[in-house]
Amino acid sequence: KGKLDDTSEEEIDSVVALHNNMNEKTWNKVLEWEETVSSKQSESPKLLKFMGRPKDLSPKAWIKHNLLGHPLPFDRHDWTILRSDGTTVRYV
């Protein structure tokens, strides 16, 4: 998608490993947050949808970039979960 144009083939395994590690950490944060806000749920939430949206900025990224001058984030993913009570929640 153009983000890794200057990355050598030998570096790709490391890039993929870092990306996967970040996604695993993020999923654990989602589970941790869900445990805090919906402690009455009988089961852990299930991941319904995981979607990469590299060209869309989250509200936080938009503020940091446009108002505070931070660089653009490398990637964005939206996580949609299903709680055991049937409600769905999207995390950006």
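Scroll up for the structure.
Report follows, based on the coordinates. The residue numbers shown here count from 1 along each chain, following its written sequence. Per-residue local features of the predicted model are confined to residues with pLDDT of at least 70, and side-chain atom pairs are confined, for both listing and counting, to 80 or more; whole-chain, interface and lining totals are unaffected and use all residues. The basis for every side-chain value is the complete set of non-hydrogen atoms in the structure, without hydrogens or water.

As a further point, take the overall build of the chain. A count of helices and strands for the chain gives two helices and three strands. Comment: elements are numbered from the N terminus, with helices defined as DSSP H or I runs of at least four residues and strands as E runs of at least two. Along the chain, helices and strands appear, N-terminal first, in the series α-β-α-β-β. Since a compact globule built from 92 residues should have a radius of gyration of about 12 Å, the 16 Å found for the chain marks it as more spread out than a globular shape. With a 1.4 Å probe rolled over the protein chains alone, any residue whose accessible area is under 20% of its type maximum counts as buried; one over 50% counts as exposed, and the rest are partly exposed. Burial statistics for the chain: of 92 residues in total, 18% are counted as buried. Between the two quantities, the radius of gyration covers C-alpha atoms and the globule rule is 2.2 Å times the number of residues to the power 0.38.

Side chains of Leu57, Trp62, Ile63, Leu67, Leu68 and Leu72 sit close together on the surface and give an oily, nonpolar patch of about 610 Å² of accessible area. Relative to the elements of secondary structure, Leu67 occurs in the loop between helix H2 (59-66) and strand E2 (77-82). Distance thresholds for patches are 9 Å for like charges and 5 Å for nonpolar side chains (Val, Leu, Ile, Met, Phe, Trp, Tyr), applied to residues having over 30% relative accessible area and no salt bridge. Every accessible area reported is derived by Shrake-Rupley at a probe size of 1.4 Å, with residue values counting cover from the shown protein chains alone. What makes a salt bridge here is a side-chain nitrogen of Lys or Arg within 4 Å of a carboxyl oxygen of Asp or Glu, nothing more.

Turning our eyes to something else, we now look at the packing of aromatic side chains. Ring pairs shown here join Phe, Tyr and Trp side chains whose ring centres sit within 6.5 Å, with only the six-membered ring taken for Trp; geometry is labelled stacked below 30 degrees between planes, edge-to-face above 60, and tilted in between. Scanning the model with the defined rule gives two aromatic pairs in all. Seen from their ring centres, Trp27 and Trp79 are 5.8 Å apart, and the 15 degrees between their planes marks the pair as stacked. One end of the pair, Trp27, is in helix H1 (residues 12-37); the other, Trp79, is in strand E2, with 52 residues separating them in the sequence. Pairing Phe50 with Trp79 gives two aromatic rings, centres 4.5 Å apart and planes at 65 degrees, and the pair type is edge-to-face. Highlighted residues: Phe50 in strand E1 (residues 46-52) and Trp79 in strand E2, separated in sequence by 29 residues.

All right, on to the sheet that holds E2 then. Spatial strand order, E1-E2-E3: three strands in an open sheet with antiparallel pairing. With one partner strand each, in any of the chains shown, E1 and strand E3 (88-91) form the two edges of the open sheet. Ignoring strand direction, the axes of neighbouring strands in this sheet form an average angle of 15 degrees. Of the pairings in the sheet, the one linking E2 to E3 comprises four bridges and is antiparallel in character. Across the sheet, Trp79 pairs through a bridge with Tyr91, a residue of E3. Two strands qualify as a pair provided that DSSP identifies no fewer than 2 bridges between them. Only the contacting stretch of a helix is used when fitting its axis, a line to C-alpha atoms as for every element, and angles between N-to-C directions run 0 to 180 degrees.

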